[in-house]
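Chain by chain, the residues run as shown.
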Amino acid sequence: MVHQVFDRRAVSRHQARAAGAFQEFSFLAEEVADRLTERLEDITRSFPIAVDLGSHGGLLAPRLRGQHGIETLISTDLAPAFAARSRGPAVACDEEALPFASGTLDLVLSSLALHWVNDLPGAFVQIRQALKPDGLFIGAMLGGETLKELRECLVDAEVELEGGLSPRTSPLTDVRDLGMLLQRAGFALPVVDTDRITVTYGSALKLMQDLRGMGESNAVLERRKTFSRRNTLLRAAQLYHERYAGPDGRITATFQVLWMLGWAPAENQPQPKKPGSATHSLAEALGAQVCGVEASSPLDDTSGNG
Amino acid sequence: MSETAALRAVDPKLLEILVCPLSKGPLRYDAARQELISDKAGLAYPIRDGIPIMLIDEARSLDDTAG
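Every value quoted in this text rests on a predicted model; they were computed, and no experiment measured them.

A. The arrangement of the overall build of chain A in detail. Looking only at helices and strands, chain A has eleven helices and seven strands in total. Residue pairs in contact within chain A that sit at least 24 positions apart in sequence constitute 79% of those at least 6 positions apart. Looking at chain A as shown, the accessible area adds up to about 15100 Å², and 53% of this sits on carbon and sulfur atoms.

B. Expanded view of the pattern of salt bridges. All names here are of chain A. Scanning all chains against the criterion turns up 18 salt bridges over all chains. The residue Arg-243 makes a salt bridge to Asp-156 at a minimum N-O spacing of 2.9 Å. In this pair, Arg-243 sits in helix H9 (residues 230-244) while Asp-156 sits in helix H6 (residues 148-162), placing the two residues 87 residues apart along the sequence. With relative accessibility at 36%, the residue Arg-243 sits in the partly exposed group. On the basis of relative accessible area, Asp-156 is assigned to the partly exposed category, the value being 29%. One network of salt bridges, with partners in common, ties together Arg-45, Asp-106, Lys-132 and Asp-134.

C. Summary view of the interface of chain B and chain A. Each side of the interface is counted separately: chain B has 17 residues, and chain A has 25 residues. Each partner contributes to the roughly 1600 Å² buried at the junction of chain B and chain A, and carbon and sulfur atoms together form 66% of this total. Run the count over chain B and chain A and you get zero salt bridges. Here chain B is connected to chain A by six residue pairs in polar contact (both at pLDDT 80 or more). Contributing elements (two or more residues each) for the side of chain B that touches chain A: helix H1 (12-17) and strand S4 (51-54) of chain B. In terms of residue count, the dominant contributor to the side of chain B that touches chain A is S4(B) (four residues).

D. Structural detail: unusual backbone geometry. For A:Leu112, which is not glycine, the phi torsion reads 55° and is therefore positive. For B:Asp49, which is not glycine, the phi torsion reads 55° and is therefore positive. Along the polypeptide, B:Asp49 turns up in the loop between strand S3 (43-48) and S4. Classification of B:Asp49 as partly exposed rests on a relative accessible area of 26%.

E. Structural context of the packing of helix H5 (residues 120-130) of chain A against helix H7 (residues 175-184) of chain A. Residue and element names in this part refer to chain A. Axis separation between H5 and H7 bottoms out at 9 Å; the angle between their running directions is 45°. By the criterion of interaxial angle, the relationship of H5 to H7 is oblique. In the packing of H5 onto H7, the handedness of the crossing is right-handed. In this structure, H5 uses Leu-120, Pro-121 and Phe-124 to contact H7, whose residues at the interface are Leu-178, Leu-181 and Leu-182.

F. Examining the environment of A:Val108 more closely. Residue and element names in this part refer to chain A. In this fold, Val-108 is placed in strand S4 (residues 105-111). Of the residues examined, Val-108 reaches a relative accessible area of 3% and is grouped as buried. C-alpha separation for the pair Val-108 and Gln-129, spaced 21 residues apart in sequence, amounts to 11 Å. In contact with Val-108, not counting residues within four places along its chain, are Val-51, Leu-53, Ile-127, Leu-131, Leu-136, Phe-137 and Ile-138.

G. Structural view of the confidence of the model for chain B. All names here are of chain B. Residues at a pLDDT of 70 or more form 84% of chain B, whose mean pLDDT is 86. Overall, residues 1-6 carries pLDDT values under 50, and its contacts beyond four positions in sequence, including any with other chains, amount to two contacts. Model confidence for the complex is summarised by a pTM of 0.79, with the ipTM given as 0.88.

H. Summary view of the pairing of S3(B). Residues and elements named next belong to chain B. Across the six residues that make up S3, a large majority, five, are buried. In this sheet, S3 lies alongside strand S2 (residues 35-38) in antiparallel orientation, the contact comprising four bridges. Pairing of Ile-37 across the sheet is with Ala-44, part of S3. The turn joining S2 and S3, which pair antiparallel and follow one another in sequence, is formed by four residues; a positive phi near 70° is taken by Gly-42.

I. Expanded view of the nonpolar core. With 45 residues, the main nonpolar core has A:Leu40 and A:Phe255 as its most contacted residues. In this structure, A:Ile74, A:Cys93, A:Phe187 and A:Ala264 belong to the second largest nonpolar core, which totals 40 residues.

J. Examining the packing of aromatic side chains more closely. Residues and elements named next belong to chain A. Applying the stated criterion across every chain yields a total of three aromatic pairs over all chains. Here Phe-124 and Phe-137 contribute two aromatic rings whose centre-to-centre distance is 5.9 Å and whose plane-to-plane angle is 55°, an arrangement assigned as tilted. One end of the pair, Phe-124, is in helix H5; the other, Phe-137, is in strand S5 (residues 131-142), with 13 residues separating them in the sequence. On the basis of relative accessible area, Phe-124 is assigned to the buried category, the value being 0%.

K. A look at the UniProt feature "domain: Methyltransferase type" (unreviewed entry) in chain A. Within the UniProt annotation, "domain: Methyltransferase type" (unreviewed entry) is assigned to residues 51-138 of chain A. Taken end to end, residues 51-138 of chain A is 22% helix and 31% strand, and its first and last C-alpha atoms sit 11 Å apart.

Calculation notes
- Residues numbered from 1 in each chain as written.
- Chains lettered and ligands numbered in written order.
- Predicted model: local features only at pLDDT ≥ 70, side-chain atom pairs only at ≥ 80, totals over all residues.
- Heavy atoms only, no water.
- Helix = DSSP H or I, 4+ residues; strand = E, 2+ residues; numbered from the N terminus.
- Contact = heavy atoms within 4.5 Å.
- Areas by Shrake-Rupley, 256 points an atom, 1.4 Å probe, with all protein chains shown as cover.
- Salt bridge = Lys/Arg side-chain N within 4 Å of Asp/Glu carboxyl O.
- Buried < 20%, exposed > 50% of the residue type's maximum accessible area, 1.4 Å probe, protein only.
- Buried area = accessible area lost by both parts, 1.4 Å probe.
- Polar contact = N/O pair within 3.5 Å; in protein donor to acceptor, adjacent residues only side chain to side chain.
- Axes fitted to C-alpha atoms, helices over the stretch in contact; angles between N-to-C directions.
- Parallel < 35°, antiparallel > 145°, perpendicular 65-115°, else oblique.
- Left-handed = near helix turned anticlockwise from the far one by under 90°.
- pLDDT = per-residue confidence, 0-100.
- Pairing = 2+ DSSP bridges.
- Core = buried A, V, L, I, M, F, W, Y, C linked by side-chain atoms within 4.5 Å.
- Phe/Tyr/Trp six-rings, centres within 6.5 Å; stacked < 30°, edge-to-face > 60°.
- UniProt positions renumbered as here; feature names shortened; annotations may be inferred.

Structural data, given as structure tokens:
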């Protein structure tokens, strides 16, 4: 049984609420979609059937139409109202229960959707299964350092004014966990790296308002059913300003983006060789001489050149 | 959304690759009712304005309409 951290109904509700005026708040999603599009440019094979999983109303479709041999790009969202915004084929589906037959997709892209998923390993396995052999998955999700300034200020304000804590912003995944999760889900040649996007705001209250606009409000199951006390939010905004305002009085908010890439295994992919199966020595290939352990360190050899 | 808006047709490519998210079993397309039916799971997923709603919460249980 997967530990249920996120209330998927709340996630869906937040997204549906955001769908109406999303373009006003979509800068973060747009920025990540641009970066994802750039990453795909480095890959030369063609992908006839692609899925944008958690597409925020079809953000990738206009960027990728006619590119990379894509013939069909299916945009999905958890909230039907969000899916309905996309042009071209769209499906409302839950990232935790994918509706794609196994071995049918050439490419799965996911931009800022997977950080709301309870069962990330399960989602990865389903993505891998839906891919054809040698199909590609590229995902971007918010990492654990996202909004660290806001979390810290909310915690401090709450302790100060209410004498206790409630889960407020959502728990996020660590970059170190991701590579392992991809590997366990059966992806070949997984690559994980991280990126940082810094946004400045007039005030922390405006930031909180924007998070709501992006459909990114807290969906932690144990969140309090009552609204946050206004005093606590105001105090948090005040702390935020004291600690993180620049000379111009604007505050900065950090978003950490975790990038992940993996291939569905296929026969023709590069495979690691068995240890000891090499026929040439590395030293020979490098044109170097093999030194004994007593030999001076290579650093000393090159120091004269610098 | 107005009543007169042109209905979006479901993309035929989707029908080829979609399966039931619960059972991962095949789906039958009911064009008249605009539903994708999973016999294995006993669920009918609605298609609204050309968009298959592949959410278990939104699906109609087939037991309800045995008649």
